[in-house]
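Residue-level listing of the chains:
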Amino acid sequence: MAVSTPARPREQGTRGFRAPVGDTVREKFTQVVLLLGTLVAIAVLAILLIDIALDGVGGLSLDFLTNYTSRFPERTGIREGITGTLSLMVLVALMTFPLGVGAALYLEEFAPRNRWTRLLETNINNLAGVPSIVYGLLGLSVFVFFLGFGRSLITGALTLTALVLPVVIVASREALRAVPREIRDGGLALGATPLQVAARQTLPAAIPSIMTGMILSLSRAIGETAPILVAGAAFSRRADNEPWNLTEGYTAIPIQIFDFVKRPQQEFQVEVASAAIIVLMVLLLIMNSAAIVIRNRYSRNR
Amino acid sequence: MNRRTLKSAALPMALALCLALASCGGDEDPASNGNGEPGAGEETLSGAIEIDGSSTVGPLTDAINEEYSAIQPDVTVTLGISGTGGGFERFCETGDTDISNASRPIEDDEAALCEENGIEYTEIRVGTDALTMVVNPATDYVTCLTTEELITLWGPDGAASTWGEVNPDFPSDPVEIFAPGTDSGTYDFFNETILEPSEIESPRQDYNASEDDNVISQGIQGTPGAWGFFGFAYFQESAEGALTAVEYDAGEGCVGPSVESAQDGSYGLTRPLFIYVKNEALSRPEVADYATFYVENVGAVIESVGYIAATEDEISEASTALDEAIGG
Amino acid sequence: MSSTSTTDVVGSAPSGDPVGRSLTTPRPRYGERVVLGLLWLCAGVSVVTTIGIILVVFVEAFALFGIPGVSVVEFFTDTAWRPFTGPESEQFRLGVLPLLNSTLLITAIALGIAVPLGLATAIYLSEFARPRVRRTVKPFLELLAGVPTVVLGYFALTFMTPVLRSVFGADVVPIFNAASAGIVVGILIVPTIASISEDAMSAVPRALREGAYGLGAARQQVALKIVFPAALSGIVAAIILGFGRAVGETLIVSLAAGNLPPPDVPTADPFQQVQTMTAYIVQAVGGESSRGSVTYQSIFAVGALLFVLTFLVNLIALRIVRRFREEY
């Protein structure tokens, strides 16, 4: 395993001396200001989540997870949304990870510094900022019509992959860039090829941050409504999706949430929608936890 | 949901519930349940049906799907809501849907497109929506509006800013409008009915527009002096007294939206709801079975969705047309 | 980052290789070439995606200007956006400025909220917080990035708007306004900016910090004068990602900011109804327009403009970043 140079002084403790008082005051002040800034956004979103939790927890039950959607709030479920979202998630992760990390690795470690590379880089950085709905239009024109995949699971997965891939590449590149040069130089000095260095030293050192980028991206992909709405997600479909049945129609939890909040019945707008949101957030929580475990396991020395 | 609907829906609902819960663990044989659904096939059918179209008719079709999937779980019905126009495009041009939902009759150019691509279809009237105008309860003097008053209120030249301008008998409270956005079928329908006969092309552009009828509802509820319109279901589901429905006077007296006035045609703002079934698709047993099920059960289901049932005549007409198309 | 050939290094190693390979002739590593080729392909996928987007969007966009009655000049200079009627109608106006103005207004508000809060969070977590705090807060932030935007849209409408109305007065702030949507979009992108900036700051080598502490610097001096500038390239990248997300945000603005473009352009008034480019796209796509019509093509024209906008901003930002990037 690589000897990674820790960049964070916090764990080891760096301040074993008394600082001048004026500095301490300014420091505390800055700390408080920053803390407040941190708390504001967190507080707002926490309030929102608590509100949702309170509204939705009553609607949660095994039936809610295993029933298909009904027009009666008491017996509705989001089974088709869950299977759809899970299938999409698996497909997107499978496609994004190799493509994203591969591209980042190429750009950071192997690409010659010429005009083409710079063009490629500019491309990717730009794509990361393109609005998600434009990807929906892309998905509709290219995957649904031009390539003839129709309004199917693979279209949705490809559209979402196209959407998050640039972000994953950007974040992975940042992660790779953050690996100290000494690691690469050390590997090369010991006689490894650039690819060996990249695969066995640089990449593992960057994996924790790469995982961060992947989590953020997958989280975003799962919560996206607009692109898959445009690119052919169905409004309702009472059947289960599996990741290997690529040609079937699908729906997803965000689409169902969108449906619920637009229904005229109060129960759907509040309780059922909140319950569905809780399910989505729990899914995210599970994903995030898995990635955190990975991150912590690899970043022991940080 | 009123008691009458509840009772008539109770038996099939109970059966559907049992079936839904029982079939959660895996595929069960639906034919083993001696259900009382008229018209449903005894055999287990399987296959996929593709439906798209109006977002107004969507919930109605979805309710039918809910009932149908309880009886025939191996038939997967995929439903989209691309809009009436978008639905017809898929139906007539690319031909990838079996059934198209529509909140208006098919237009000439759409029909021509279908013909060009050799797609024959059967039009089936499945219900009615009563577009409802509402005001904030504090604006209680607005109980009925004539077409002329609506033109003053909603049209571009009038663009009334106070209610006094709409009708001199009204106080001069400021007008606030919440209505669907410019690209929705509801908006189109309202303008066609109210403005087009007077050759006014489009209404005022300074109102609070939203694609979401719940948002419109809440906007009106929270703003005295507010007026707006949306489908009947949203008025029905609003809390008692939160909104006041406004009657419409098309020239023959004030009529309010209700099941009766929509069915007998006295209410001027009624919208027909259709499904268009591709004749070729009817040769597949699951599609024929589904379509038959639809026509036979839509009356029982429609009120729980918030629309108004088509009259018995309309249903039997639809039934006959469908039988012919299946047989032919 | 140089990819120097290692053949020289291998060739000049003095000690014997236990496996018995010759040390002076490097063995061609074909497997490596394959892998490198694969990696290159991965990067190439991004090129394909860009080409795809450009083709699709611009081809359809240019088709718009081929329709008689639509002029390019008017598209970019006219100050009203009324695309739903068609060039024959006198109400028809196709100037994109109102949409562009709306998008920029919302984005400006959002960044005004998100950049200070996001950076504050990042600096706090990176330089001041105890490791345990960092370990719990960071995942929480990442979780928040997954809140569905439709939820945030309703939050903006049902919480933020009433708050703004009570603070600034209900006559100043209409129910649909840019401020609520902008603030909530800002909150939405705080996790993005915070998380990626924090990663960038964490990556600054320990040596730099220790040097500063060794010289007697206080924590805020180290944070603001050493770490922050060192991580600038990553921070700018984070802000650009945030900008892109704000520009592309669809559901929040379409629910809370309304669906009609502002009448007087240019405007910086946050307390009015606006319609962003994305809100227009989603409205038009879900609406009743048919393919080939002006409305349909205008969707792609607006999409193309969105693409160009983000592209330009990214280019400018890259220039800035390259100038300030520091390598360690």
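Residues numbered from 1 in each chain as written. Chains lettered and ligands numbered in written order. Predicted model: local features only at pLDDT ≥ 70, side-chain atom pairs only at ≥ 80, totals over all residues. Heavy atoms only, no water.

(A) A look at the domain arrangement of chain B. Residues and elements named next belong to chain B. Under the domain assignment, chain B is made up of domain 1 (8-33 + 42-128 + 273-327) and domain 2 (132-268). Taken over C-alpha atoms, the centre of domain 1 sits 31 Å from the centre of domain 2. Every contact between the two is made by 7 residues of domain 1 and, on the other side, 6 residues of domain 2. Roughly 610 Å² of surface becomes buried between domain 1 and domain 2 when both sides are summed, with 65% attributable to carbon and sulfur atoms. For the domain 1 face of the interface with domain 2, the top three residues by lost area are Gly306, Ile308 and Thr311, together amounting to 60%. (Domains from an automatic or database assignment. Contact = heavy atoms within 4.5 Å. Buried area = accessible area lost by both parts, 1.4 Å probe.)

(B) How the structure looks around the pairing of strand S7 (residues 176-180) of chain B. Residues and elements named next belong to chain B. In terms of burial, S7 is a largely internal element, 4 of the 5 residues being buried. As paired strands, S7 and strand S9 (residues 226-230) are joined by 3 bridges and run parallel to one another. Across the sheet, Phe178 pairs through a bridge with Gly228, a residue of S9. Where S7 meets strand S8 (residues 208-210), 3 bridges bridge the pair, whose relative direction is parallel. Residue pairing across strands places Phe178 opposite Asn208, the latter belonging to S8. Remark: the S7/helix H7 (residues 185-194)/S8 crossover connection has right-handed handedness. (Buried < 20%, exposed > 50% of the residue type's maximum accessible area, 1.4 Å probe, protein only. Helix = DSSP H or I, 4+ residues; strand = E, 2+ residues; numbered from the N terminus. Pairing = 2+ DSSP bridges. Right-handed = clockwise from strand over helix to strand, strands pointing away.)

(C) Spatial organisation of the interface of chain B and chain A. Between chain B and chain A, the residue contacts involve 31 residues of the former and 23 residues of the latter. Where chain B packs against chain A, one counts 5 salt bridges. Linking chain B with chain A are 14 residue pairs in polar contact (both at pLDDT 80 or more), by the criterion used here. Elements supplying a minimum of two residues to the side of chain B that touches chain A: helix H1 (3-22), helix H2 (58-71), strand S2 (75-79), helix H3 (84-94), helix H8 (213-221), helix H9 (232-236) and helix H11 (285-305) of chain B. The class makeup of the residues in the side of chain B that touches chain A is 13 nonpolar, 10 polar and 8 charged. Where strand S1 (residues 236-237) of chain A lies against S2 of chain B, 2 bridges are found, and the strand directions are antiparallel. Note that in S2 of chain B the partner of Arg237 of chain A across the bridge is Thr78 of chain B. (Salt bridge = Lys/Arg side-chain N within 4 Å of Asp/Glu carboxyl O. Polar contact = N/O pair within 3.5 Å; in protein donor to acceptor, adjacent residues only side chain to side chain. Nonpolar A, V, L, I, M, F, W, Y, C, P; charged D, E, K, R; others polar.)

(D) Layout of the sheet that holds strand S1 (residues 47-53) of chain B. Taken in spatial order, the 7 strands make up an open sheet running S1(A)-S2(B)-S1(B)-S3(B)-S12(B)-S4(B)-S13(B), and their pairing is mixed. The open sheet is flanked by S1 of chain A together with strand S13 (308-309) of chain B, the only strands paired with a single partner. Those strands touched by H2 of chain B are S1 of chain A together with S1, S2, strand S3 (99-102), strand S4 (121-130) and strand S12 (270-278) of chain B, and its axis lies near 165° from that of S2 of chain B. (Axes fitted to C-alpha atoms, helices over the stretch in contact; angles between N-to-C directions.)

(E) Structural detail: a nonpolar patch on the surface. Residue and element names in this part refer to chain C. Together, Phe159, Val163, Val167, Phe168 and Val172 line one region of the surface with nonpolar side chains, adding up to about 430 Å² of accessible area. Relative to the assigned elements, Phe168 resides in helix H6 (residues 149-168). Owing to a relative accessible area of 44%, Phe168 belongs among the partly exposed residues under this scheme. (Patch = residues over 30% accessible without salt bridge, like charges linked within 9 Å, V, L, I, M, F, W, Y side chains within 5 Å. Areas by Shrake-Rupley, 256 points an atom, 1.4 Å probe, with all protein chains shown as cover.)

(F) Structural detail: the packing of helix H4 (residues 115-129) of chain A against helix H6 (residues 153-178) of chain A. Residues and elements named next belong to chain A. Two elements in contact, H4 and H6, have axes whose closest approach is 7 Å; the angle formed by their N-to-C orientations is 120°. Classed by the angle they form, the pair H4 and H6 counts as oblique. Where H4 crosses over H6, the two elements pack in a sense that is left-handed. Of H6, the residues touching H4 (which contributes Glu121, Ile124, Asn125, Leu127 and Ala128) are Pro166, Val167, Ile169, Val170 and Arg173. Within the contact of H4 with H6, the residues separate by chemical class into 7 nonpolar, 1 polar and 2 charged. (Parallel < 35°, antiparallel > 145°, perpendicular 65-115°, else oblique. Left-handed = near helix turned anticlockwise from the far one by under 90°.)

(G) A look at the packing of aromatic side chains. For the structure on display, the rule yields 30 aromatic pairs over all chains. When the ring of Phe230 of chain B is compared with that of Tyr234 of chain B, the centres are 6.1 Å apart and the planes differ by 50°; the resulting orientation is tilted. Classification of Phe230 of chain B as buried rests on a relative accessible area of 0%. Ring geometry for Trp81 of chain C against Tyr280 of chain C: centres 5.0 Å apart, planes inclined by 90°, an arrangement best described as edge-to-face. In this pair, Trp81 of chain C is assigned in strand S1 (residues 81-82) and Tyr280 of chain C in helix H12 (residues 277-285), connecting sequence segments 199 residues apart. Three or more aromatic residues link up through ring pairs in this structure, and these residues are Trp154, Tyr187, Phe190, Tyr207, Trp227 and Phe229 of chain B. When the ring centre of Trp116 of chain A is taken as reference, the NZ or CZ atom of Arg115 of chain A above it lies at 5.9 Å. Over the ring of Phe274 of chain B we find Arg125 of chain B; its NZ or CZ atom is 5.9 Å from the centre of that ring. (Phe/Tyr/Trp six-rings, centres within 6.5 Å; stacked < 30°, edge-to-face > 60°. Lys NZ or Arg CZ within 6 Å of the ring centre and 35° of its normal.)

(H) How the structure looks around unusual backbone geometry. Residues and elements named next belong to chain B. Of note, the phi angle at Glu199 is positive, near 60°, even though the residue is not glycine. With respect to the element layout, Glu199 can be found in the loop between H7 and S8. For Glu199, a relative accessible area of 74% puts it in the exposed group.

(I) Main features of the environment of Phe170 of chain B. Residue and element names in this part refer to chain B. Tracing the backbone shows Phe170 in the loop between helix H6 (163-166) and S7. The spacing of Phe170 and Asp140 is 30 residues in sequence and 10.0 Å in space, taken between C-alpha atoms. Residues contacting Phe170, with those up to four places away along its chain left out, are Tyr141, Val142, Leu145, Trp163 and Gly164.

(J) Broad picture of the state of the cysteines. All names here are of chain B. Under the defined criterion, the tally for this structure stands at 2 disulfides over all chains. In this model, Cys92 is linked to Cys114 through a disulfide, with the two sulfur atoms separated by 1.9 Å. Taking the sign of the S-S torsion, -80° for the link of Cys92 and Cys114, the bridge is left-handed. Taken together, the residues Cys92 in helix H3 and Cys114 in helix H4 (residues 108-116) connect sequence positions 22 residues apart. The exposure class of Cys92 is buried, given its relative accessible area of 0%. Look at Cys114 and you get buried, because its relative accessible area is 0%. The disulfide partner of Cys144 is Cys254, and the S-S distance across this bridge is 1.9 Å. (Disulfide = S-S within 2.5 Å.)

(K) Helix H8 (residues 194-223) of chain A, seen in detail. All names here are of chain A. Over its 30 residues, H8 runs only 38 Å from end to end, short of the ideal 44 Å by more than 12%, given 1.5 Å per residue. Along H8, the helix axis deviates most sharply at Ile207, where the bend reaches about 50°; the proline Pro208 sits within four residues downstream. Within H8, 25 of the 30 residues are buried, which leaves the element mostly enclosed by the surrounding structure. (Expected span 1.5 Å × (residues − 1). Bend = angle between axes of the 7 residues up to and from the residue.)

(L) Local environment of the interface of chain A and chain C. Residue-level contacts link 97 residues of chain A with 101 residues of chain C. In this assembly, chain A packs against chain C so that about 9,000 Å² is buried in total across both faces, 71% of it on carbon and sulfur atoms. In this assembly, chain A and chain C are joined by 0 salt bridges. Put simply, chain A and chain C have 2 residue pairs in polar contact (both at pLDDT 80 or more) between them. Tallying contributions element by element places helix H1 (residues 21-56) of chain A first for the side of chain A that touches chain C, with 18 residues. Looking at the side of chain A that touches chain C residue by residue, the classes come out as 57 nonpolar, 23 polar and 17 charged.

(M) Broad picture of the environment of Leu65 of chain A. Residue and element names in this part refer to chain A. By the element assignment, Leu65 lies in helix H2 (residues 62-66). C-alpha separation for the pair Leu65 and Gly77, spaced 12 residues apart in sequence, amounts to 5.7 Å. Not counting residues up to four positions away in its chain, the partners in contact with Leu65 are Arg79, Ile82 and Val279.

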